[in-house]
Amino acid sequence: MRIYFTAEDLGRVRVAAAPDPMWETVFSVFRLDRPGPAATFGRWRRRAVPAMRPADLEMLRPLVNGAYYPDFLTPAEGGLGLPHAIEALLRTPTARLRAEMEQLARLGGPLPSWMRRLADGDGEVLGRLAGAMRSQFAVAVAPFWAEARAHVDADRARRARVLLEHGGEGLLKSFRPMMRWEPPALVVDVPSTQSIHLNGRGLLLVPSYLSWKTPDTLRDPTLTPVLVYPVEHDLARHLDAARPSGPGTLAALIGPTRADVLEAIGDGRTTSELARRVGVSAASISQHTAVLRDARLIRTTRIGKAVLHTITPLGAAMLDDPPRRRAPIDVDAGPAA
């Protein structure tokens with residue numbers, strides 16, 4: 001897949017502030033037949049799969065079982081939260097339902113009778129589908145939402161630093177090897193060939209917790225351009241850790257200076273920035289961050305000549321204060337945004 005940018009598009013790249021509940025719900029269905037690495041998704045499967053309702057999966061799996069799935073399942077309103085997205089799903093025009101269901105039938109074979117009714121805009125069937133999405137989110141996504149937010153916040157901190165130092169093109173380059181910036185196109189290895197021309201509309205990048213391996217996008221070229229990509233995470237090593245009860249316990253566990261370093265990282269800090277904030281030498285910070293990194297409380301990434309430290313989901317859990325929600329990163333005027 002090639003996504004073609006103009007100079008105007010590079011100034012309109014955004015990174016979503018949080019996971020999208022509808023995309024995560026769709027990916028939760030994909031993970032049934034395409035489980036992904038056990039080290040990453042094993043714990044999620046053990047908890048989420050037994051809780052899924054057969055009636056929900058009976059509706060969702062026929063829609064989400066191949067290379068194509070209807071765009072109306074992941075409306076743009078997902079960025080505003082699940083209630084807004086469900087309302088948008090219920091308002092899907094009949095013409096769009098029919099067109100996308102016909103596309104599904106061409107690529108996936110005959111449709112069951114209820115799906116033909118959905119293609120005709122049947123309100124009762126559409127309501128059942130909305131209920132299935134809501135229910136699937138509740139059992140398969142919502143219990144992991146805090147961890148998903150922490151993973152996304154860590155990814156955003158890294159992307160934000162790259163954006164500030166290297167601009168929109170640097171941000172796109174930071175996604176290697178998942179995707180490649182070959183001006184004027186962003187190249188993504190996916191099963192089918194597709195060309196998307198942004199034509200000044202910009203691109204919304206959506207970090208995803210339950211996505212795996214390759215990014216996804218909407219198939220309809222007339223819709224707002226979106227690219228959903230998997231964040232890096234290691235559930236098996238992080239999420240079963242015991243959570244201390246407060247900052248005092250954290251300081252007793254890892255020491256007061258390291259606790260200060262962990263708290264000072266916030267949404268991402270370089271070694272020199274941490275040294276100024278904590279009031280110790282850069283060499284001392286390097287020693288403390290090495291210990292925190294070995295304990296998987298932080299992640300360290302080299303950005304140019306600087307070393308950027310970001311907190312991991314386990315680190316956020318140790319602080320007992322997951323990173324706060326932030327507004328989307330808007331690239332309106334290059335690196336100064």
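Since this is a predicted model, take the numbers as computed values, not measurements. (Residues numbered from 1 in each chain as written. Predicted model: local features only at pLDDT ≥ 70, side-chain atom pairs only at ≥ 80, totals over all residues. Heavy atoms only, no water.)

## Thoughts on the overall build of the protein
Part 1 of the argument: Along the backbone of the protein there are 15 helices and 12 strands.
Part 2 of the argument: For the protein, with 337 residues in total, the buried portion stands at 52%.
Part 3 of the argument: Across the protein, contacts joining residues at least 24 apart in sequence account for 71% of those joining residues at least 6 apart.
Part 4 of the argument: Entry remark: accessible area of the protein is about 15,000 Å², with carbon and sulfur atoms responsible for 53%. (Helix = DSSP H or I, 4+ residues; strand = E, 2+ residues; numbered from the N terminus. Buried < 20%, exposed > 50% of the residue type's maximum accessible area, 1.4 Å probe, protein only. Contact = heavy atoms within 4.5 Å. Areas by Shrake-Rupley, 256 points an atom, 1.4 Å probe, with all protein chains shown as cover.)

## Concerning the pairing of strand β6 (residues 203–208)
Part 1 of the argument: Taking burial as the measure, the six residues of β6 include six buried ones, the bulk of the element.
Part 2 of the argument: Residues L203, L205 and P207 line one face of β6 and the alternating positions L204, V206 and S208 line the opposite face, and both faces are buried.
Part 3 of the argument: As judged from the three bridges shared by strand β2 (residues 13–15) and β6, these two strands associate in the parallel manner. Bridge pairing in β6 places V13 opposite L203.
Part 4 of the argument: Relative to strand β8 (residues 226–230), β6 runs parallel, the two being bridged by five bridges. Following the sheet pairing, P207 is matched in β8 by Y229. (Pairing = 2+ DSSP bridges.)

## Some remarks on the confidence of the model for the protein
Part 1 of the argument: Scored by pLDDT, the protein comes out at a mean of 85, with 88% of its residues at no less than 70.
Part 2 of the argument: The model gives residues 235–247 a pLDDT under 50, and that stretch makes 25 contacts with residues more than four places away or in other chains.
Part 3 of the argument: Contacts for the low-pLDDT stretch residues 321–329, under 50 throughout, to residues beyond four places or in other chains number 25 contacts. (pLDDT = per-residue confidence, 0-100.)

## A word on the side chain of S135
Part 1 of the argument: Position of S135 among the secondary structure elements: in helix α8 (residues 123–140).
Part 2 of the argument: S135 sits in the buried class, given a relative accessible area of 13%.

## Quick word on the pattern of salt bridges
Pairing is possible between side chains of opposite charge, provided their charged atoms come close.
Part 1 of the argument: All told, the structure shown has 14 salt bridges when counted by the stated rule.
Part 2 of the argument: Residue R61 is joined to D33 by a salt bridge in which the shortest nitrogen-to-oxygen separation is 2.5 Å. With R61 in the loop between α4 (54–60) and α5 (82–90) and D33 in helix α2 (residues 21–33), this pair connects stretches of sequence that are 28 residues apart.
Part 3 of the argument: Classification of R61 by relative accessible area gives partly exposed; the value is 31%.
Part 4 of the argument: For D33, a relative accessible area of 43% gives the class partly exposed.
Part 5 of the argument: Two residues, D155 and R159, come together in a salt bridge whose shortest N-O distance is 3.2 Å. (Salt bridge = Lys/Arg side-chain N within 4 Å of Asp/Glu carboxyl O.)

## With respect to unusual backbone geometry
Part 1 of the argument: The residue after R176, namely P177, is reached through a cis peptide bond having omega 0 degrees.
Part 2 of the argument: You can see P177 is positioned in the loop between α9 (145–173) and β3 (179–182).
Part 3 of the argument: The omega torsion across P183 and P184 is 10 degrees, close enough to zero to call that bond cis.
Part 4 of the argument: Counting through the fold element by element, P184 comes out in the loop between β3 and β4 (185–188).

## Here we look at the sheet that holds strand β10 (residues 298–303)
Part 1 of the argument: Across the sheet, three strands lie side by side as β9-β11-β10; this open sheet has antiparallel pairing. Since the sheet does not close on itself, it has two edges, and those belong to β9 (269–270) and β10, each with one partner.
Part 2 of the argument: Across six bridges, the pairing between β10 and strand β11 (residues 306–311) is antiparallel. Looking at the pairing, I303 lines up with A306 of β11.
Part 3 of the argument: Each of β10 and β11 is contacted by helix α14 (residues 282–294), which is oriented at about 120 degrees to β10, the strand it contacts most. (Axes fitted to C-alpha atoms, helices over the stretch in contact; angles between N-to-C directions.)

## A few points about the environment of V231
Part 1 of the argument: By secondary structure assignment, the location of V231 is in the loop between β8 and α10 (235–238).
Part 2 of the argument: With 22 residues separating them along the chain, V231 and Y209 place their C-alpha atoms 6.1 Å apart.
Part 3 of the argument: Ignoring anything within four residues of it in the chain, the contact list for V231 reads H151, D155, P207, S208 and Y209.

## Considerations on the packing of helix α12 (residues 256–265) against helix α13 (residues 271–278)
Part 1 of the argument: Contact geometry for α12 and α13: axes closest at 10 Å, N-to-C directions at 120 degrees. Here α12 is positioned oblique relative to α13, judged by the angle of their axes. Remark: the crossing between α12 and α13 carries right-handed chirality. For the pair α12 and α13, contact is made by T257, D260, V261, A264 and I265 and by L274, R277 and V278, respectively.
Part 2 of the argument: Split by residue class, the contact of α12 with α13 holds five nonpolar, one polar and two charged. (Parallel < 35°, antiparallel > 145°, perpendicular 65-115°, else oblique. Left-handed = near helix turned anticlockwise from the far one by under 90°. Nonpolar A, V, L, I, M, F, W, Y, C, P; charged D, E, K, R; others polar.)

## A short note on the sheet that holds strand β5 (residues 195–197)
Part 1 of the argument: Overall, mixed pairing links the four strands, which are arranged β3-β4-β1-β5 in an open sheet. Unpaired on one side and paired on the other, β3 and β5 mark the two borders of the sheet. Neighbour-to-neighbour, the strand axes of the sheet open up by a mean angle of 20 degrees, direction not taken into account.
Part 2 of the argument: Summarising the sheet, β3 and β4 pair through four bridges and their orientation is antiparallel. Residue M179 lies in a different strand from β4, and its bridge partner there is V188.

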